[in-house]
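Structure assessment
The chain contents come next:
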Amino acid sequence: MTGELRVLGACPLDCPDTCSWEVTVRDGEAVGLRGNKDHPYTRGALCVKVNRYLEHTRAADRILHPMKRVGPKGSGRFERITWDEALSTISDRLTEIVGEHGGEAIWPYQGTGTLGYIQGESGEAGRRFWNVLGASRHDLNICARAGNDGLRYTNGTPGGMDPETFALSRLILLWGTNTLTSGHHLWKFIQDAKAAGAHVVAIDPIRTRTADQADEHLPIRPGTDAALALGLLHVVLEEGAEDRDYLENHTHGWDEFKAEILKYPPSRVADITGLPEAGIRALGVRLAHTRPTGIRATMGIQRHEGGGSAMRTIACIPGVTGDWRHPGGGVAYSTSAHVRLAVNPRYDLLPKPVRTLTMTRLADGLDESVKCLWVYAANPLGSTSDQNRIREAMSRDDLFTVVMEQFPTDTVDYADIVLPATMQTEHADLHAGYGHMYLMWNEPAVEPAGESLSTTETFRRLARHMGLTEPSLYDSDLELAEQLLTGTPGITLDRLRKEGWARLDVPDPFVPFTDGFPTPSGRLEFVSERAEAAGLPRVAGYVPSYTARTAGASREYPLTMITPASHTFLNTTFGNNPELQRRSKGPKVLVNAADAAPRGLAEGQLARVFNGNGEFRAYVEISDRVRPGVVAAPKGHWPKLSPGGANPNAAVDERDADMGRGAVYHDNLVEIAAI
Ligand SMILES: Nc1nc2c(c(=O)[nH]1)N[C@H]1C(S)=C(S)[C@@H](COP(=O)(O)OP(=O)(O)OC[C@H]3O[C@@H](n4cnc5c(=O)[nH]c(N)nc54)[C@H](O)[C@@H]3O)O[C@H]1N2
Ligand SMILES: Nc1nc2c(c(=O)[nH]1)N[C@H]1C(S)=C(S)[C@@H](COP(=O)(O)OP(=O)(O)OC[C@H]3O[C@@H](n4cnc5c(=O)[nH]c(N)nc54)[C@H](O)[C@@H]3O)O[C@H]1N2
Ligand code: SF4
Ligand SMILES: [Mo]
């Protein structure tokens, strides 16, 4: 490649915005990266994390060739090997393991490092290979599952509002979501709504930077959101503002749900949520009389024991107010369910039905029955609950661990073989935002760095090395793209490569559920027979989180810990980036003065945060941004780069949320002590 060219691409990270970007390539080298101004949703700006992505691709600690471990597990001591040696070692071990123990002894642990449909988890990259081998299935439930399931009970699908329509909302509830940190491009649409007179309310136990910009902030007690939803609806009923025609014609189970709402008058809800009764009442009155009301509730809200029920119940609000009638009304969680790409990981290739292992349950699941742990696009030692037990499980000598990575994470330190992975400027991929309604194409801009290979190419080479004959294992990236796009007639690969993105085939503005709801009744379900059959409450309602139901009772660990998104990292991605580490000013833990004083904690001092699971260390920030009784420790710092060698997940329990075995990252009790 000579001369200068501009290559269209997309940010691959697990962020709702999936930015459109443009890479400037000069003489085969990427020399510039900027957000694409023409993209209708992301409109140019990237973010503090990704602005210097090109530098990150060239970071000194990038893994550029295959390696084998030479020190003990966890030591991080490796020696360079050739791809040929890596593939031979792996082929031999996999063949031996499948022969002796069966394919189910392999756990392909795929994470969210890239959301690509070709290279990443959205298309279950690599899964065809695993199916031929008969490997265990992997349930990637770590992020959004409890909420997805909750929404499915109410609406039949997790898909909801097109986020662009928030510009049309007149009341906006930012509920358990930190927009300006975790997907800031929505803010432009919120600003448009504000300019037209909309009122914006943040409902979050933390006064986040998003709450700072809202008109009103309700610092709710964690894990009590469904009670607030019922209390607000109580006021809507008092005001006589329920949409009776909508209730009659588009919902299922109103009488039973109404009886549930009537159990939650604002006075009771004030006791449960820790919010002033007057504030609940005032917001209830606003909700009663403001159409359209748009609710943005994202994943933060469902990282709790009652998290699925919280989303299920919040989703009932527009059923009562009739907001789904209007563009700008309803609930927006994720847009993924609107994407119709023809994902085909070929489970038909499995030689026999196999077990499913659960991503959120790595410490429990990694028992003697697992002989090979294959980690790709994931950093479980930084991101998954119960870090100490994972470390112990990964130390087992007879466990063969392969990690495909870009950087030497804590997880890499436990690998037998490390395989170097390409970064987004070096491979082709097809994406869809989970916070917008566009498909995106990422054209490779430069050659892979060092000896790194993409996920698909790694599995193709491995399949060839093992002599596997299933033809679909050898489909090229462009063939995979063509296959995916058969699900979206009208959007061709040629068009996507030329234009960079294409709006999903939906009207603009998009109003979902105008033709009914994909539930068994075809209506919005306040009452769900499917939930009942699954052992869950029949009627949507309040299921307290673990901390909400026990905090007062625990004298040993009295503080509720939330571990939200960090502004400067994307999960643990960028946790090794010196500039972003510096900007994070962490690891830190936010503590209210009322909790700091009795513990003798001073501003800026290093403290131990601990419970029965383990401990991590963080610098105390005394702050009225957290309620008394609540502490916040942002996620993303690498354990080995943190004081004490652990991050908050050492104190996160491997408990399940009420739905989908979701993780409970914001639902743990801790104590803090000065060091
Ligand atoms: N900068 C940055 N952006 C990210 C990420 C990142 O790590 N960094 N992660 C990405 C990923 S993987 C995801 S899934 C999304 C997640 O994005 P969000 O959904 O925004 O997730 P969280 O930061 O976990 O939680 C959001 C807010 O919910 C609040 N919260 C916690 N518990 C409760 C509760 O019980 N009730 C209420 N009302 N609020 C509560 C937290 O205090 C937090 O401010 O963001 C993505 N974007
Ligand atoms: N305490 C706490 N923990 C949390 C959360 C929380 O709120 N609090 N949030 C959870 C959430 S929402 C999520 S989604 C999970 C995420 O957890 P994981 O899925 O483990 O994601 P990351 O920690 O970002 O690690 C992804 C790794 O993939 C690598 N990678 C990126 N692209 C590629 C690629 O193309 N190929 C390969 N082979 N590797 C690649 C990156 O270098 C990075 O090390 O974390 C969860 N962990
Ligand atoms: S992390 Fe999100 S906001 Fe930042 S560039 Fe990627 S998609 Fe855009
Ligand atoms: Mo996530």
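These notes cover the structure that comes with them. What you see is a predicted model, and the numbers here were worked out from it, not measured in a lab. Sequence order as written defines residue numbering, which begins from 1 separately in each chain. Whichever chain is written first becomes A and whichever ligand is written first becomes 1, with later ones labelled in order. Confidence filtering applies because this is a predicted model: local features only for residues at pLDDT of at least 70, side-chain atom pairs given and counted only at 80 or more, and all residues used for totals across whole chains, interfaces and linings. The side-chain numbers reported here are obtained from all heavy atoms of the structure, hydrogens and water having been left aside.

A few words now on helix H8 (residues 225-238). Since the α-helix advances by 3.6 residues per turn, residues separated by three or four positions end up pointing in the same direction. Think of it this way: any DSSP run of H or I at least four residues long counts as a helix, any run of E at least two long counts as a strand, and we number them from the N terminus. Take the residue count of a helix, subtract one, and multiply by 1.5 Å to get its expected span. Look at H8: 20 Å from first C-alpha to last across 14 residues, which is about the 20 Å you get at 1.5 Å a residue. Burial classes: relative accessible area under 20% of the type maximum marks a residue as buried, over 50% as exposed, and values in between as partly exposed (1.4 Å probe, protein chains only). Of all 14 residues in H8, 13 are buried; the element is thus mostly enclosed. One or two positions beyond H8, positive phi appears at Gly 240, with a value near 65°.

All right, on to the site of ligand 2 then. Near ligand 2, the surroundings consist of 29 residues, among which Asn 379, Ser 383, Glu 405, Thr 572 and Asn 649 are the closest. Polar contact is defined as a pair of N or O atoms within 3.5 Å, subject to the rule that within protein one atom must be able to donate a hydrogen and the other to accept it, and that residues adjacent in sequence are counted only when both atoms are side-chain atoms. Measuring from an oxygen atom of ligand 2, one finds a backbone N or O atom of Ala 378 at 3.5 Å. A distance of 2.8 Å separates an oxygen atom of ligand 2 from a polar backbone atom of Asn 379. Note that accessible areas follow from Shrake-Rupley with a 1.4 Å probe, and for residues the cover is restricted to the protein chains shown. Computed on the free molecule, ligand 2 has an accessible area of 920 Å², of which 97% lies beneath the protein chains in the complex. Classifying every residue of the shell around ligand 2 gives nine nonpolar, 16 polar and four charged. Residues are labelled near a given molecule or strand when at least one of their non-hydrogen atoms is within 4 Å of it. Under the scheme applied, nonpolar residues are Ala, Val, Leu, Ile, Met, Phe, Trp, Tyr, Cys and Pro; charged residues are Asp, Glu, Lys and Arg; polar residues are all the others, including Gly.

A separate point is the site of ligand 3. Looking at ligand 3, the residues that line it are Cys 11, Cys 15, Asp 17, Thr 18, Cys 19, Leu 46, Cys 47, Lys 49, Val 50 and His 185. Grouping the constituent residues of the shell around ligand 3 by class yields six nonpolar, two polar and two charged.

Moving on, we come to the packing of H8 against helix H12 (residues 277-289). Relative orientation of the contacting elements H8 and H12 amounts to 60°, with a least axis distance of 8 Å. Put simply, H8 runs oblique to H12. As for the relative orientation of H8 and H12, their crossing is right-handed in sense. Seen from H8, the contacting residues are Leu 228, Leu 232, Val 235, Val 236 and Glu 238; seen from H12, they are Ile 280, Arg 281, Leu 283, Gly 284, Val 285, Leu 287 and Ala 288. Axis lines are fitted through C-alpha atoms, for helices just across the contact stretch, and the angle between N-to-C directions can take any value from 0 to 180 degrees. The scheme is simple: roughly parallel for angles under 35 degrees, roughly antiparallel for over 145, roughly perpendicular for 65 to 115, oblique for anything else. Left-handed describes a crossing whose near helix is turned anticlockwise from the far helix by less than a right angle; the clockwise case is right-handed. Contact definition: two residues touch when any of their heavy atoms are within 4.5 Å.

Once that is clear, we can look at the sheet that holds strand S8 (residues 171-175). Strand pairing requires that DSSP identify at least two bridges connecting the strands. Here we have five strands laid out as an open sheet, ordered S10-S9-S8-S12-S13, and parallel in their pairing. Edge positions in the sheet fall to strand S10 (216-218) and strand S13 (330-332), since each has one partner strand and no second. Going across the sheet, the axis of each strand differs from the next one's by a mean of 20°, ignoring polarity. In terms of strand pairing, strand S9 (residues 199-203) meets S10 through three bridges, oriented parallel.

This brings us to the pattern of salt bridges. Take a side-chain nitrogen of Lys or Arg and a carboxyl oxygen of Asp or Glu: if they are within 4 Å of each other, that pair is a salt bridge. Tallying each qualifying case throughout the model produces 61 salt bridges. Asp 656 is paired through a salt bridge with Arg 361; the nearest N and O atoms lie 2.9 Å apart. Taken together, the residues span a long stretch of sequence, with Asp 656 in the loop between strand S26 (630-632) and strand S27 (668-674) and Arg 361 in the loop between strand S14 (356-358) and helix H15 (362-365) at a distance of 295 residues. Overall, Arg 361 belongs to the buried group, its relative accessible area being 16%. A cluster of three or more residues bridged by salt bridges with shared partners is formed by Arg 361, Asp 364, Asp 386, Arg 389, Glu 654, Asp 656 and Arg 661.

Moving on, we come to the nonpolar core. Residues belong to one nonpolar core when they are buried, are Ala, Val, Leu, Ile, Met, Phe, Trp, Tyr or Cys, and are joined through side-chain atoms within 4.5 Å. Trp 175, Leu 228 and Phe 257 are the most contacted members of the largest nonpolar core, which totals 78 residues. Boundaries of every domain are those given by an automatic assignment or by a domain database. Residues lining this core come from more than one domain, with at least three contributed by each of domain 1 (67-142 + 341-503) and domain 2 (146-333 + 510-533). Ranked by size, the runner-up nonpolar core spans 46 residues in total, among them Ala 415, Ala 607, Val 609 and Val 631.

Another aspect to go through is the environment of Asn 571. Inspection of the secondary structure puts Asn 571 in the loop between strand S22 (559-562) and helix H23 (578-584). Spatially, the C-alpha atom of Asn 571 lies 24 Å from that of Lys 188, the residues being 383 residues apart in sequence. The residues touching Asn 571, leaving out its near neighbours within four places in the chain, are Asp 14, Thr 112, Ser 383, Lys 635 and Gly 636. Separated by 2.6 Å, the side chains of Asn 571 and Lys 635 make a polar contact.

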